[in-house]
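Geometric and topological summary
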Amino acid sequence: MAEKKKINYGKEFSKGILKQNPVLRLVLGTCPTLAVTTSVSNAIGMGIAATIVLVCSNIVISALRKVIPDKVRIPAYIVIIAAFVSMIQMLVKAYIPALNKALGVYLPLIVVNCIILGRAEAFASKNPVLASACDGLGMGIGFLTTEFLMGTVREIIGAGTWFAGIQDLLVIFGNNPLGGWNGFDFTEGLAKTGLAPITLFILPCGGFFVFGVLMACANKLADKKHLPKAEKVGCASCPMAENCNIKSGGNCEKPAAAVKGEAE
Amino acid sequence: MKSYFALLIMGLITNNFVLSKFLGICPFLGVSKKLDTAVGMSTAVVIVMCIATAVTYPINVLLVRKDMEYLQTVVFILVIAALVQMIEMFLKKYVKSLYKALGIYLPLITTNCAVLGVVLLNVQNGYNFGQSMMNSFAGGMGFMLAMVMFSGVRKKLESCDVPEFFKGLPITLIAASLTSLSFVGFAGIVEGMGLSV
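Sequence order sets the numbering: in each chain, residues are counted from 1 along the sequence as written. The naming scheme follows written order: chains are lettered A onward, ligands numbered 1 onward. pLDDT decides what is reported in this predicted model: residues at 70 or higher carry local features, side-chain atom pairs at 80 or more are listed and counted, and totals for whole chains, interfaces and linings draw on all residues regardless.

Secondary structure assignment for chain A yields eleven helices and two strands. Written out in order from the N terminus, the α and β elements of chain A read α-α-α-α-α-α-α-β-α-β-α-α-α. Within chain A, buried positions represent 45% of all 264 residues. Throughout, a residue-residue contact means that the two C-beta atoms, derived from backbone geometry, are no farther apart than 7 Å. Considering only contacts within chain A whose residues lie at least 6 apart along the sequence, 75% involve residues at least 24 apart. Runs of H or I in DSSP of at least four residues are treated as helices and runs of E of at least two as strands, each being numbered from the N terminus. Three classes are used. A residue is buried when 20 or more other C-beta atoms lie within 10 Å of its own, exposed when 12 or fewer do, and partly exposed in between, with C-beta atoms placed from the backbone.

This is the structure in structure tokens:
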């Protein structure tokens, strides 16, 4: 056997939070990031649900990486992920019904969240169980942090509240876990100064805007550390890379012309 | 009949899949740089969405009858994955010209949340078969509308002088925000026309 590569678990964990933040750096999982961040509570709920699925599926896929035949691995991964998502969905439905209602169709859509399939393909299928779990946890927390940031900006500017409806999320810890505290409400204070929340920010257009600005900030930070800008490139993170007949190193645009060129 | 028209308007404009439901953002950002790729991708999405709805509707009826609704997510994603593979194989063998035009986009569609999303939304909203088909078609056309419009916006964007750190995706997202803002103007149009689903 070849000598085993030493795995730095701390590094596998921490890379997902900043250096390779799945949302802002790898540009994965954009749909839920935009859709459920209208309030911090929803964002946290989504982030935790996705993190649990990510860690569990990473562990199982990594444990089965030598059993799953290479040719059918994508469907196999999808089944594993879908199973965990269904479990989470049922748990949320049973214990946090308000969250289930708030997330709606986006909860089952964790299945097609490209962060999860992307990590399965890029990391869990090649690394041992513990490292995969660390990677999943790090990526999940990176996702959660970004969701939280987006939710904070959008909720404060768009609705004038912060952590509103957190009670619904904490309902699993019994009644009134925070002594009746149900988030900050700035609307009254704002009204005194004659200001009103900018509702546009909790509308879809606000989501795109905040995400764009956050990504620009991330680019600025990355530039200081001489990292490349976030771009929608990287077949490494694309789950379909192997089946994909676009072998262009990530630019899904060029091949169309190339394929046509061949046809002519 | 009225409800079908309402669904069409909603899918195309007020509840546009990309711009107001955030489904299918990845292809929206990834493949909308040029008009022809935008059209190719969205055509493939419309076709797959409609076929997926037609196939999953009876399966869902069966699941509900057997009291196995909890399997919906697993079953739907598998059906969609298999379906996409089959469509690809079919086109490759019998409709070569279409395969050349759409083939490269098909594998990417399996993980497109718009397809799974529309199927799940049909179930959640309790649409009947006709309504489900209309919703999928309208959703797909809405996706196409957004993609085609946005490819035009991006073309203009290329010749703009953008601040250094906004170059690339950030400015694209802000352009998407403005495109989405213009769709907010249509809010209430369905109710205004006296339509409902």
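Secondary structure assignment for chain B yields ten helices and zero strands. Taking the principal axes of its C-alpha atoms as reference, chain B extends roughly 60 × 45 × 30 Å. Sequence separation of at least 24 residues holds for 78% of the intrachain contacts in chain B that already meet a minimum separation of 6.

So, about helix 10 (residues 204–224) of chain A. End to end, helix 10 of chain A covers 31 Å across 21 residues, agreeing with the expected 30 Å (1.5 Å per residue, within 8%). Within two residues after helix 10 of chain A, histidine 226 of chain A carries a phi angle of roughly 60 degrees, on the positive side. For a helix, the expected span equals 1.5 Å multiplied by the residue count minus one.

On to the packing of helix 3 (residues 35–65) of chain B against helix 4 (residues 72–94) of chain B. All names here are of chain B. Viewed as axis vectors pointing N to C, helix 3 and helix 4 meet at an angle of 140 degrees, and their least axial separation amounts to 10 Å. It follows that helix 3 is oblique to helix 4 by the angle criterion. In this structure, the crossing between helix 3 and helix 4 has a hand that is right-handed. Touching Val48, Ile51, Ala52, Val55, Thr56, Ile59, Asn60 and Leu63 of helix 3 are Gln72, Val75, Phe76, Val79, Ile80, Leu83, Val84 and Ile87, all from helix 4. Inter-axis angles, ranging from 0 to 180 degrees, are taken between N-to-C directions of lines fitted to C-alpha atoms, where helices are fitted over the stretch in contact. An angle below 35 degrees is treated as roughly parallel, one above 145 as roughly antiparallel, one from 65 to 115 as roughly perpendicular, and anything else as oblique. Here a crossing is taken to be left-handed if its near helix is turned anticlockwise relative to the far helix by less than a right angle, and right-handed if that turn runs clockwise.

Turning our attention to the interface of chain A and chain B. Chain A puts 50 residues into the contact, and the matching count from chain B is 45 residues. Elements with a contribution of two residues or more to the side of chain A that touches chain B: helix 2 (30–35), helix 4 (73–95), helix 6 (114–124), helix 10 and helix 11 (254–263) of chain A. Put simply, Ala, Val, Leu, Ile, Met, Phe, Trp, Tyr, Cys and Pro go in the nonpolar bin, Asp, Glu, Lys and Arg in the charged bin, and everything else, Gly too, in the polar bin. Residue composition of the side of chain A that touches chain B, by class: 36 nonpolar, eight polar and six charged.

Residues and elements named next belong to chain A. Direction vectors running N to C along helix 3 (residues 40–63) and helix 6 enclose 35 degrees, while the axes themselves pass 10 Å from each other. Considering the relative orientation of helix 3 and helix 6, their crossing is right-handed. In this structure, helix 3 contributes Val53, Leu54, Ser57, Asn58, Ile61 and Ser62 to the contact, and helix 6 contributes Ile115, Ile116, Arg119, Ala120 and Ala124. Each residue belonging to the contact of helix 3 with helix 6 can be placed in one class, and the counts come to seven nonpolar, three polar and one charged.

So, on to the confidence of the model for chain A. Residues and elements named next belong to chain A. Considering every residue of chain A, the mean pLDDT works out to 80; 81% of them sit at 70 or more. The lowest-confidence element of chain A is helix 11, averaging 37 in pLDDT; the highest-confidence one is helix 3, averaging 93. Note that residues 232–264 has pLDDT below 50 and, in this model, 48 contacts with residues that lie over four places away or in other chains. You can read pLDDT as the predictor saying how much it trusts each residue, on a scale of 0 to 100.

Residue and element names in this part refer to chain B. By the element assignment, valine 153 lies in helix 8 (residues 129–158). For valine 153, a count of 14 C-beta atoms within 10 Å translates into the label partly exposed. Residues valine 153 and lysine 66, spaced 87 residues apart in sequence, show a C-alpha to C-alpha distance of 49 Å.

Moving on to the nonpolar core. Within the largest apolar cluster, 114 residues are counted, with the highest numbers of intra-cluster contacts made by Val53 and Ile81 of chain A together with Val115 and Leu116 of chain B. The element contributing the most residues to this core is helix 3 of chain A, with ten residues. Excluding residues within four positions of it along the chain, leucine 116 of chain B makes contact with Leu109, Val111 and Val112 of chain A together with Phe76, Ile77 and Ile80 of chain B. Buried Ala, Val, Leu, Ile, Met, Phe, Trp, Tyr and Cys residues form a nonpolar core when they are connected through C-beta atoms within 7 Å. Counting residues in hydrophobic clusters, the runner-up holds eight residues, among them Ala6, Leu7, Met134 and Val190 of chain B.

Before going further, it helps to spend a moment on unusual backbone geometry. Residue phenylalanine 163 of chain A is not a glycine yet carries a positive backbone phi of 65 degrees. As for its placement among the helices and strands, phenylalanine 163 of chain A is situated in the loop between strand 1 (161–162) and helix 8 (166–169). A count of 20 C-beta atoms within 10 Å places phenylalanine 163 of chain A in the buried class. The phi dihedral of aspartate 67 of chain B falls on the positive side, at around 60 degrees, and the residue is not glycine. Locating aspartate 67 of chain B in the fold gives a position in the loop between helix 3 and helix 4. What makes aspartate 67 of chain B exposed here is the crowd of 7 C-beta atoms within 10 Å.

Right, let's get into the confidence of the model for chain B. Averaged over all residues, the pLDDT of chain B is 87; the fraction at 70 or higher stands at 98%. Considering each helix and strand of chain B separately, the mean pLDDT is smallest for helix 6 (residues 106–109) of chain B, with a value of 75, and largest for helix 8 of chain B, with 92.

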